[in-house]
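Structural description and commentary
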Amino acid sequence: MAGDEKIAVLDFGAQYTQLIARRIREMSVYSEILPPNTSVAALLQGGYRGVVLSGGPSSVYENGAPLPSSQLFEAGIPVLGICYGMQAMGYLLGGDVVPSERREYGKAEIELTGRSPLFEGVRPDAGDRLQVWMSHGDTVRRPPAGFSSLGSTTNCPVAAMADERRRLYAVQFHPEVAHTPQGGTILSNFLDLCGVKRDWSMPSFIETTIDAIRARVGSDRVLCALSGGVDSSVVALLVHRAIGDQLTCMFVDNGLLRKGEAEAVVHTFRDNFKINLDHVDATSRFLEALRDVTDPEVKRKRIGAEFIAVFEDEAKRLGHIPWLAQGTLYPDVIESVSFKGPSATIKTHHNVGGLPENMTFKLLEPLRELFKDEVRRVGEVLGLPADIVWRQPFPGPGLAVRVLGDVTAERLDVLREADAIVQEEIRAAGLERELWQAFAVLLPVRTVGVMGDFRTYANVVALRAVTSQDAMTADWARLPYDLLGRISNRIINEVHGVNRVAYDISSKPPATIEWE
Ligand code: XMP
């Protein structure tokens, strides 16, 4: 789907692995992260034009350390080892790899002593020295036979090495991070050494993906479960571009969405994009399933099970559809294959939208090679409205895990109104893209207040706004006081049944982003 000209990045677990793939893609070459034990045969058959060995937390001489097959170095394709990748190359080819006298983290300067096309166009910053970013505990003391050393730091006798004949290259530092200012040139030189074509771009990705979908699906029908989030929306648009009316999108309205969301999905996809949209209003089914349920995990299970039941009923009604299009992304894919990379620690939640086990669809996952921001870019190119492209994450169980305790139609309405004010004010303040999430939570307690001459005894709404990179950790957002004041005033004045607003100042961990 991504063309033949690509580079493999074998993931040994460094926090920067994804960044390597990103940098290479930014140079218009498609790059894919693969498990460290990917066989040489698979790499050759996959048509990879070069292989990067990522960094990682292990030591090569440790028991069970992940290592590539040493045949990789005889396979005739260029290899670039980065950090642990360099140590693995040095170790497997008979060099001398030892613990550093001092572990080295952060900025360092390399004295360039050798010449190599890998450093073509790289200009030392001062004298013969090049500024780089290091993060390692082991070091190559003596390069393997056939290699020459290209430079050293005070701590690291061989900071880069190359065997030009076999096109094997290695650097102890991290060329992929911004703190190695000329790292981009080094990676770009490696791509030149691989002889790979630089023709990967979003429009070309979209074109080849559309062609591939047409070729795979033929005249079959395809079903796509649309949630209104960016991933399923982009999948729907791509598949629609490819096969038009052969696509049916099923939008299950579980009654747990935010204000105006269901209407917006119907309007965008049915009216604007003219996609066959099956809008299933299952509000009452979900409310029934949630009746008297207060435990958060039971809520999630009930909602998941109800989704499956609705999906099954509806799919039967739609007749035989052999294909299911899904918005699986790259992090979801590598999560399941990574050795112990950063990917292994991402995300713990199951999405509601898991499918009935007894239903057998052929799967179409056109986004499985993309990162989230690349999916957004595809969405933009396909003309998806900005409010969907930039939507903040929203949990599958929706407002049910934000109405703490009993979920009733009335309480959902109160939360929906309060949340709409939060969304409006955050957008007006221009903070929507800066925040990972901002939302309202309806608490299961009532407090005393006074309105005019009357005593009130009404609901409390909690505000939650967090910044985060990946939802694994999050910090409460330092929202301006004026904004907090405005949101609080508006909620108390405009939402019937709320007389108090509190701001959640807990970080994750130990709190979580959602309250349930
Ligand atoms: P927590 O609350 O665990 O949430 O800090 C981390 C991220 O996951 C979202 N979230 C969910 N997403 N199904 C989902 O699809 C769920 O059950 C679920 N629970 C939490 C949450 O909104 C945040 O972005």
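All values reported here derive from a predicted model rather than from experimental measurement. (Residues numbered from 1 in each chain as written. Predicted model: local features only at pLDDT ≥ 70, side-chain atom pairs only at ≥ 80, totals over all residues. Heavy atoms only, no water.)

**Description of the sheet that holds strand β12 (residues 276-281)**
On the basis of which strands lie adjacent, the open sheet formed by 5 strands has the order β12-β11-β10-β13-β14 and parallel pairing. The open sheet terminates on both sides in strands that have one partner only, identified here as β12 and β14 (362-364). Between one strand axis and the next, the sheet turns by 30° as a mean value, whatever way the strands run. Sheet topology note: the strand β10 (residues 222-225)/strand β11 (residues 247-253) ladder contains 4 bridges and is parallel. Paired with C224 across the bridge in β11 is C249. On the sheet, helix α9 (residues 296-317) packs against β10, β11, β12 and β13 (323-325) and is oriented at approximately 145° with respect to β11. (Pairing = 2+ DSSP bridges. Helix = DSSP H or I, 4+ residues; strand = E, 2+ residues; numbered from the N terminus. Axes fitted to C-alpha atoms, helices over the stretch in contact; angles between N-to-C directions. Contact = heavy atoms within 4.5 Å.)

**Considerations on the packing of aromatic side chains**
Counting across every chain of the model gives 7 aromatic pairs. For the ring pair Y30 and W200, a centre distance of 5.3 Å and an interplane angle of 45° mean the geometry is tilted. Of this pair, Y30 sits in strand β2 (residues 30-34) while W200 sits in the loop between α4 (183-194) and α5 (202-217), and the two are 170 residues apart along the sequence. Judged by its relative accessible area of 0%, Y30 falls in the buried class. We classify W200 as buried; its relative accessible area is 8%. Between W200 and F205, the ring centres sit 6.2 Å apart and the planes meet at 70°, which makes this aromatic pair edge-to-face. (Phe/Tyr/Trp six-rings, centres within 6.5 Å; stacked < 30°, edge-to-face > 60°. Buried < 20%, exposed > 50% of the residue type's maximum accessible area, 1.4 Å probe, protein only.)

**Considerations on unusual backbone geometry**
In this structure, P509 follows K508 across a cis peptide bond, with omega equal to -15°. Secondary-structure assignment places P509 in the segment after β18 (498-503). With omega at 10°, the peptide bond leading from P509 into P510 counts as cis. In this structure, P510 sits in the segment after β18. In this structure, C83 takes a positive phi of about 55° despite not being glycine. Within the secondary structure, C83 is located in the loop between β4 (79-82) and α3 (84-92). Residues other than glycine seldom take positive phi values, yet R167 does so here, at roughly 55°. For R167, the position within the fold is in the loop between β8 (160-163) and β9 (168-171).

**Let's talk about the pattern of salt bridges**
Counted under the stated rule, the structure contains 33 salt bridges. Where D192 meets R198, a salt bridge forms, and the shortest distance between an N and an O atom there is 3.0 Å. Overall, the relative accessible area of 52% leaves D192 in the exposed class. Classification of R198 as partly exposed rests on a relative accessible area of 34%. Salt bridges linked by common partners bring E424, E425, R486, R490 and E494 together as one network. (Salt bridge = Lys/Arg side-chain N within 4 Å of Asp/Glu carboxyl O.)

**A few points about the layout of surface pockets**
By volume, the second largest pocket is sized at about 440 Å³. In this structure, the second largest pocket is lined by 18 residues; those nearest its centre are R258, K259, E261, D387 and R427. Residue assignment for the lining of the second largest pocket shows that the elements contributing at least two residues are α7 (261-272), α12 (386-389) and α13 (409-428). Of the residues forming the lining of the second largest pocket, the biggest block, 5 residues, is contributed by α13. Residue composition of the lining of the second largest pocket, grouped by class: 4 nonpolar, 5 polar and 9 charged. Two domains each donate at least three residues to the lining of the second largest pocket, and these are domain 2 (202-389) and domain 3 (404-503). (1 Å grid on protein atoms, 1.4 Å probe; cavity = no way out; pocket = protein on both sides within 12 Å on 5 of 7 lines; lining within 4 Å. Points joined across faces, edges and corners; volume = space filled by probe spheres on them. Nonpolar A, V, L, I, M, F, W, Y, C, P; charged D, E, K, R; others polar. Domains from an automatic or database assignment.)

**Comments concerning the domain arrangement of the protein chain**
Often the size quoted for an interface is simply the accessible area lost on bringing the parts together. When the domains of the protein chain are assigned, the result is domain 1 (6-194), domain 2 (202-389) and domain 3 (404-503). Relative to domain 3, the C-alpha centre of domain 1 lies at a distance of 49 Å.

**Describing the confidence of the model for the protein chain**
Taken residue by residue, the protein chain gives an average pLDDT of 91. The fraction at 70 or more is 94%. With pLDDT under 50 throughout, residues 335-353 is counted as low confidence; its partners more than four residues away or in other chains account for 35 contacts. (pLDDT = per-residue confidence, 0-100.)

**Section: the sheet that holds β8**
The strand order across the open sheet formed by 9 strands is β2-β1-β3-β4-β9-β8-β7-β5-β6, and the pairing between neighbours is mixed. Lying at the two open borders of the sheet, with one neighbouring strand each, are β2 and β6 (129-142). Averaged over neighbouring strand pairs, the angle between their axes works out to 20° when direction is ignored. Bridge count for β4 against β9 is 4 bridges, and the pairing is parallel. Bridging across to β9, V79 finds its partner in L168. Contacting β1 (6-10), β2, β3 (48-53) and β4, helix α1 (residues 17-26) crosses the sheet at an angle of about 165° to β2. Against the sheet, α4 makes contact with β1, β3, β4 and β9, and its axis sits at roughly 145° relative to β3, the strand it touches most.

**Points about the pairing of β4**
Residue alternation in β4 divides its side chains into two sets, V79 and G81 and L80 and I82, and both sets are buried. Pairing of β3 with β4 involves 3 bridges; the strand directions are parallel. Looking across to β4, one finds that L53 is bridged to G81.

**So, the nonpolar core**
Ranked by internal contacts, the top residues of the largest apolar core, which has 88 residues, are V222, V239, F269, V378, I426, L479 and I491. No other element matches the 9 residues that helix α6 (residues 230-243) contributes to this core. When near neighbours in sequence (up to four residues on either side) are disregarded, V378 contacts M202, F205, I206, V234, L238 and L370. Core analysis: the next-biggest nonpolar cluster, separate from the first, contains 38 residues, I20, I24, V171 and L191 among them. (Core = buried A, V, L, I, M, F, W, Y, C linked by side-chain atoms within 4.5 Å.)

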